[in-house]
Amino acid sequence: MPAQLYPGPSLATASGSGPETDPDRLSPPALRVRGRSIMALVIAPEPPFGDWFAALDEQMRRSAGFFADRPVVVDLGAVLENAGRDAIPVALEGIEERGLRVIGAEGVGPNLLGGTRWALLPTRLQGRDVAQSPPEPTSPAADPDAADPPAAAAASLLVDRPVRSGQSVVFEDGDIVVVGAVASGAEVIAGGSIHVYGALRGRALAGLKTGAEARIFCRRLEAELVGVDQFYRTAEHWGAGLHGRAVQVRCDRGALQLSALD
Amino acid sequence: MAGEGTVSDMSEVVVVTSGKGGVGKTTSSASLGAALAQEGQKVVVIDFDVGLRNLDLVMGAERRVVFDLVNVVQGDAKLPQALIRDKRLETLYLLPASQTRDKDALTEEGVGRVIEELREGFDWIICDSPAGIEKGATLAMRFADLAVVVTNPEVSSVRDSDRIIGMLDSKTRRAENGERLEKQLLLTRYDPARAARGEMMKVEDVLEILAIPLLGIVGESPDVLTASNVGCPVTLHNPGSAAARAYRDAARRLLGETIAVEAPPERRGFMSRLFGRKAAA
């Protein structure tokens, strides 16, 4: 609900005297506060915590982007009922350890958080539940041959063997690092940047998520096509001068720039 | 070598594949098969090119084909009825392909059964793959323990071989079980003079792109064509030729011997030897 806090005339009227009516005192600058409606995720831990946190880890591994930067409200009702108040800090600790941003708790009174790190956590957040679809797995895919890349950390995918002709490595959640060559007729598509420690002979498309700030780096440029964000170039554009050299591709003021790294 | 156990216990299924057509798969299957048999191994070569069979011609068995792989897979014939023994080497057998049918007549389950049955009687099962990446090629590689990737030193052959290597790493039983499928490169139709002149890729360039170990280099040779037309693998027909020596060395490497790979020497004509002319470096 939008609220406006403004020590204006209404306050002055109520108290009879104040900054507005006293000419010798400067009025404090008006503080504008806006309201915003956002959607937080509500998670409800349940003992046994071993199982519940394992399930949470699995969910986070499969859909790395789902929880990223989302405010989280922790429903502690089940914890309180089944494990008692001493389990509350344990549950909150485990959630924060995983990098989730807790902005409030529910199902507990503020007195139950007293004495813990979370004593000031809001417990009377008003809000309405809204439909939230379950997170879709965004695990990295490599097709058509499903050459399987090793499990990815949240921000980058490491491929430690050559990408063969006809293979397609797609990782929308971050950077791709290839230790080896990318063959002619292969493609590497990343949400972030692409780093090829070897010859880049196929296609590389970077910045599906991060847009124009993504870059492509390679040890030897022999690529057929490179692209960052929405801009792409084929090999005939950059000619023979950069061929075979270590090159960086980036987006600069709305155009693709290729420059030698050595 | 596949699995545990001594060499004599475990049979090895080898797929000879390339992606590109016409690079020397059938020739190499026959020559390697014959060379292994000459070393005393029990070998069967299987033609997977249904409808365009060539292995029977190269082996000189085209007039003795009664039953073929499709017949065995579909249960119309038993395996011993279809196997053709080579007249020159008693431990070398051929399982021909059908000429009148097409690749859809083969099933994975049926081929798997045939290969399992062959494992009991043979040391080496060489699967001569058709060109391409469709069902014939994928079935030929499906049950392989080792792949011999045949490549000519030219760009389209190299790229197609790279594609096939990617498929070997994903479409085989071994790959699906998380095991490594050993892959080796057999470079065929290599001409050192043309490579030196820059008209053909160099060995190092091919190895750099394909990044698999080198099994051998077979130089461009008219002896190979002659042998095919006569219906006798070159290792039998002309054992002294450079091509035969190269295939024999490759077979010995498959058997575990360490032999350094030599690029075939330049074939210098009489006149150039007389006048001491060297090819451009």
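A few points on the structure. (Residues numbered from 1 in each chain as written. Chains lettered and ligands numbered in written order. Predicted model: local features only at pLDDT ≥ 70, side-chain atom pairs only at ≥ 80, totals over all residues. Heavy atoms only, no water.)

A word on the overall build of chain A
- Along its length, chain A carries five helices and 15 strands.
- A buried classification covers 37% of the 262 residues belonging to chain A.
- The long-range fraction of contacts in chain A, counting pairs at least 24 apart against all pairs at least 6 apart in sequence, stands at 37%.
- Roughly 15,100 Å² of accessible area belongs to chain A as shown, and the carbon and sulfur atoms make up 52% of that amount. (Helix = DSSP H or I, 4+ residues; strand = E, 2+ residues; numbered from the N terminus. Buried < 20%, exposed > 50% of the residue type's maximum accessible area, 1.4 Å probe, protein only. Contact = heavy atoms within 4.5 Å. Areas by Shrake-Rupley, 256 points an atom, 1.4 Å probe, with all protein chains shown as cover.)

Quick notes on the overall build of chain B
- Looking only at helices and strands, chain B features 14 helices and eight strands.
- Put simply, chain B has 281 residues, and 54% of those count as buried.
- When contacts within chain B are restricted to residue pairs at least 6 apart in sequence, long-range pairs at least 24 apart make up 74% of them.
- Put simply, chain B shows about 12,700 Å² of open surface, and 48% of that area lies on carbon and sulfur atoms.

A look at the pairing of strand 12 (residues 225–228) of chain A
Residues and elements named next belong to chain A.
- Going residue by residue along strand 12, you find Leu 225 and Gly 227 tucked away on one face and Val 226 and Val 228 tucked away on the opposite face as well.
- Two elements, strand 12 and strand 13 (residues 231–234), share four bridges in a ladder whose sense is antiparallel. Looking at the pairing, Val 228 lines up with Phe 231 of strand 13.
- The turn joining strand 12 and strand 13, which pair antiparallel and follow one another in sequence, is formed by two residues; a positive phi near 55 degrees is taken by Asp 229. (Pairing = 2+ DSSP bridges.)

Digging into the sheet that holds strand 9 (residues 194–200) of chain A
Residue and element names in this part refer to chain A.
- With mixed pairing, six strands are arranged side by side in an open sheet as 5-7-9-11-14-15. The sheet terminates laterally at strand 5 (156–159) and strand 15 (255–260), the two strands that pair on one side only. Each strand of the sheet is rotated relative to its neighbour by a mean of 20 degrees, with strand direction disregarded.
- In the sheet, strand 7 (residues 175–179) pairs with strand 9 via four bridges, with the strands oriented parallel. Across the sheet, the residue bridging to Val 179 is Tyr 197, located in strand 9. (Axes fitted to C-alpha atoms, helices over the stretch in contact; angles between N-to-C directions.)

Here we look at the pairing of strand 10 (residues 203–206) of chain A
Residue and element names in this part refer to chain A.
- Here strand 10 shows a clear split, with Ala 204 and Ala 206 buried on one side and none of Arg 203 and Leu 205 buried on the other.
- Relative to strand 10, strand 8 (residues 187–190) runs parallel, the two sharing three bridges. Residue pairing across strands places Ile 189 opposite Leu 205, the latter belonging to strand 10.

A few points about the interface of chain A and chain B
- Facing the 15 residues of chain A at the interface are 14 residues of chain B.
- Summing the contributions of chain A and of chain B, the shared interface buries around 1,100 Å²; its carbon and sulfur component is 38%.
- Inspection of the region where chain A meets chain B yields four salt bridges.
- With its nearest N and O atoms 3.4 Å apart, the salt bridge here joins A:Glu224 to B:Arg159.
- Taken together, the connections running from chain A to chain B amount to seven residue pairs in polar contact (both at pLDDT 80 or more).
- Across the side of chain A that touches chain B, the residue classes tally to four nonpolar, five polar and six charged. (Buried area = accessible area lost by both parts, 1.4 Å probe. Salt bridge = Lys/Arg side-chain N within 4 Å of Asp/Glu carboxyl O. Polar contact = N/O pair within 3.5 Å; in protein donor to acceptor, adjacent residues only side chain to side chain. Nonpolar A, V, L, I, M, F, W, Y, C, P; charged D, E, K, R; others polar.)

So, the environment of B:Leu32
- Inspection of the secondary structure assignment puts B:Leu32 in helix 1 (residues 25–38).
- When neighbours within four sequence positions are excluded, B:Leu32 is seen to be in contact with B:Ile126, B:Tyr247, B:Ala250, B:Ala251 and B:Leu254.

Description of the pattern of salt bridges
- Tallying each qualifying case throughout the model produces 30 salt bridges over all chains.
- Here A:Glu58 ties to A:Arg62 by a salt bridge, and the two come within 3.4 Å at their closest N and O atoms. Linking A:Glu58 with A:Arg62, this pair stays in helix 2 (residues 49–62), spanning four residues, or about one helical turn.
- Given a relative accessible area of 30%, A:Arg62 falls into the partly exposed group.
- Note that B:Glu108 is salt-bridged to B:Arg142, the shortest N-O span being 2.9 Å. Highlighted residues: B:Glu108 in helix 5 (residues 108–121) and B:Arg142 in helix 6 (residues 135–142), separated in sequence by 34 residues.
- Its relative accessible area of 32% is what places B:Glu108 among the partly exposed residues.
- On the basis of relative accessibility, which here comes to 11%, the residue B:Arg142 falls in the buried class.
- One network of salt bridges, with partners in common, ties together B:Glu116, B:Arg119, B:Asp145, B:Arg174 and B:Glu179.

Things to note about the sheet that holds strand 8 (residues 214–219) of chain B
Residue and element names in this part refer to chain B.
- The sheet built from eight strands is open, its strands ordered 3-4-2-5-1-6-7-8 with mixed pairing. Of all the strands in the sheet, the pair left with one neighbour each is strand 3 (84–85) and strand 8.
- Pairing of strand 6 (residues 146–151) with strand 7 (residues 182–190), which is carried by six bridges, proceeds in the parallel orientation. Following the sheet pairing, Val 148 is matched in strand 7 by Gln 184.
- Each of strand 1 (12–17), strand 2 (43–47), strand 4 (92–95) and strand 5 (124–128) is contacted by helix 5, which is oriented at about 145 degrees to strand 5, the strand it contacts most.

Considerations on the nonpolar core
Residues and elements named next belong to chain B.
- Judged by nonpolar contacts, the single largest core of 48 residues is most densely connected at Phe 48, Leu 95, Leu 106 and Leu 118.
- Here this core gets five residues from one element, more than from any other, and that element is helix 7 (residues 155–168).
- Ignoring anything within four residues of it in the chain, the contact list for Leu 106 reads Phe 48, Val 50, Leu 69, Val 70, Val 73, Val 111, Lys 135 and Leu 139.
- Grouped together as the second largest cluster of nonpolar side chains are 36 residues, Leu 36, Val 58, Leu 146 and Val 224 included. (Core = buried A, V, L, I, M, F, W, Y, C linked by side-chain atoms within 4.5 Å.)

Some remarks on the environment of A:Ala105
Residue and element names in this part refer to chain A.
- Mapped onto the elements, Ala 105 comes out in strand 3 (residues 101–106).
- Residues Ala 105 and Val 74, spaced 31 residues apart in sequence, show a C-alpha to C-alpha distance of 4.7 Å.
- Leaving out residues up to four positions away in the same chain, Ala 105 has contacts with Val 73, Val 74, Leu 76, Leu 113, Leu 121, Pro 122 and Thr 123.

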